[in-house]
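# Structural features, examined
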Amino acid sequence: MIKVLALDLEGTLINSIYNPMPRPHLYKFLEFCFKNIPQTVLFTAASYNEGVNKLNRLEAVGAAPMGTADMPVVKWERHNNTTTFLPKNLQFVQKMFPEVKLHEIFLVDDIEGFVALGQQDQYIPILSFQGSQATVHDTELLRIKDILVDILAGDWSVTRRGYRGFDVPIIGDKMEDKQ
Ligand SMILES: [Mg+2]
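Described in the following lines is the structure provided in the data block. (Residues numbered from 1 in each chain as written. Predicted model: local features only at pLDDT ≥ 70, side-chain atom pairs only at ≥ 80, totals over all residues.)

## Quick notes on helix H4 (residues 140-152)
Heads up, the rule is: Counting from the N terminus, the helices are DSSP H or I runs at least four residues long and the strands are E runs at least two residues long. By this rule the span expected of a helix is its residue count minus one, scaled by 1.5 Å. Three exposure classes are used, based on other C-beta atoms lying within 10 Å of a residue's own C-beta, which is placed from the backbone: buried for 20 or more, exposed for 12 or fewer, and partly exposed in between. The directions from the helix axis to the C-beta atoms form the arc being described.
With 13 residues, H4 extends 18 Å between its outermost C-alpha atoms, agreeing within 8% with the 18 Å of an ideal straight helix rising 1.5 Å per residue. When H4 is considered as a whole, its buried residues turn out to be Glu140, Leu141, Ile144, Leu148 and Ile151. Down the axis, H4 shows its buried residues gathered within 90° of arc, on one side only. Of the residues trailing H4, Gly154 is marked for its positive phi of about 100°.

Here it is, written out as C-alpha cells:
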C-alpha cells in the first residue's frame with residue numbers, strides 16, 4: 001500500500017524554479033494524488049520558500065488544483081551544513097508521519113542519483129521535464145498516475161519495471177553493487 005507520495009519539484013512537476021512551466025497534465029496528476037493517496041508531499045532541493053512560492057503560483061494561475069500550495073515540504077538535511085544534499089532518504093518523510101511505515105512511502109523523481117540505498121523499490125522514475133518545445137506533448141505524469149493506480153491496487157512489481165525501463169543516469173550506489 002502507498003500511504004505517502006513524495007514528489008520532486010524541478011524536472012518532475014515543473015521544469016525549474018526559474019521561469020517555471022507546469023509539466024503537461026500536472027493538474028490531473030495532482031488532483032489524482034490528493035484524491036487517492038492519504039498524503040502527498042514535496043521533496044525538493046529548492047528552498048522551502050522557493051518551493052512553496054512556485055506551488056502557490058501554479059495554484060493561483062489554475063495550473064494546479066486546490067491544495068497544491070498546502071503540500072507539506074520535506075525537511076531535507078544537508079551534509080554538515082554544506083550545500084551538498086544527502087540522498088532523498090524517505091526516513092526524512094517518515095519523520096513527518098511517524099505512523100506510516102517506511103515501505104509505504106514512495107518517491108517520484110527525475111534523478112535516480114538521489115535515491116537512497118535500499119529504497120529503490122519505492123522509487124518511481126520519471127523522465128526529466130525541461131520545459132522545451134520538444135516536451136509539449138509530454139505524457140509522463142499520466143504514465144506515473146497509471147503506475148500509482150497499479151501500486152494502490154497492490155501490484156508492487158511496477159516500480160521495478162519502471163526502474164529498469166529507463167535510461168536514466170545512475171549517480172548513486174545501487175543495491176545490486178553491494179550484494
Ligand atoms: Mg528533479
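## With respect to the nonpolar core
Operational definition: Each nonpolar core consists of buried Ala, Val, Leu, Ile, Met, Phe, Trp, Tyr and Cys residues. Their C-beta atoms, within 7 Å, join them into a set. By definition, residues are in contact whenever their C-beta atoms, placed on the basis of the backbone, come within 7 Å of each other.
Judged by nonpolar contacts, the single largest core of 35 residues is most densely connected at Leu5, Ala6 and Leu107. If you list the elements that add at least two residues to this core, you get strand S1 (4-7), helix H1 (26-36), helix H2 (48-60), strand S3 (105-109), strand S4 (123-125) and H4. Each residue touching Ala6, except ones within four places of it in the same chain, is listed here: Val41, Phe43, Val74, Leu90, Val93, Ile105, Phe106 and Leu107.

## Concerning the sheet that holds S1
For clarity, the threshold we go by: DSSP-based pairing: two strands are paired if at least 2 bridges between them are found. Whenever a helix is involved, its axis is fitted only over the stretch in contact; in every case the axis is a line through C-alpha atoms, and angles between N-to-C directions fall within 0 to 180 degrees.
The strand order across the open sheet built from four strands is S2-S1-S3-S4, with neighbouring strands paired in parallel fashion. With one partner strand each, in any of the chains shown, strand S2 (39-42) and S4 form the two edges of the open sheet. Neighbour to neighbour, the strand axes of the sheet diverge by 20° on average, direction disregarded. Two elements, S1 and S3, share four bridges in a ladder whose sense is parallel. In the strand pairing of S3, Val4 is matched with Ile105.

## Observations concerning the packing of H1 against H4
Filter applied, for reference: Just so you know how the angles are binned, under 35 degrees is roughly parallel, over 145 roughly antiparallel, 65 to 115 roughly perpendicular, and the rest oblique. For a crossing to be left-handed, the near helix must be turned anticlockwise from the far one by less than a right angle; the clockwise case is right-handed. Three classes are used, and their members are as follows: Ala, Val, Leu, Ile, Met, Phe, Trp, Tyr, Cys and Pro are nonpolar, Asp, Glu, Lys and Arg are charged, and the others, Gly among them, are polar.
Running from N to C, H1 and H4 point in directions that differ by 15°, and their axes come no closer than 9 Å. Taken as axis vectors, H1 and H4 run roughly parallel relative to one another. Crossing hand, H1 versus H4: left-handed. Along the contact surface, H1 presents Leu26, Phe29, Phe32 and Asn36, while H4 presents Leu141, Ile144, Lys145 and Leu152. A class-by-class count of the residues in the contact of H1 with H4 yields six nonpolar, one polar and one charged.

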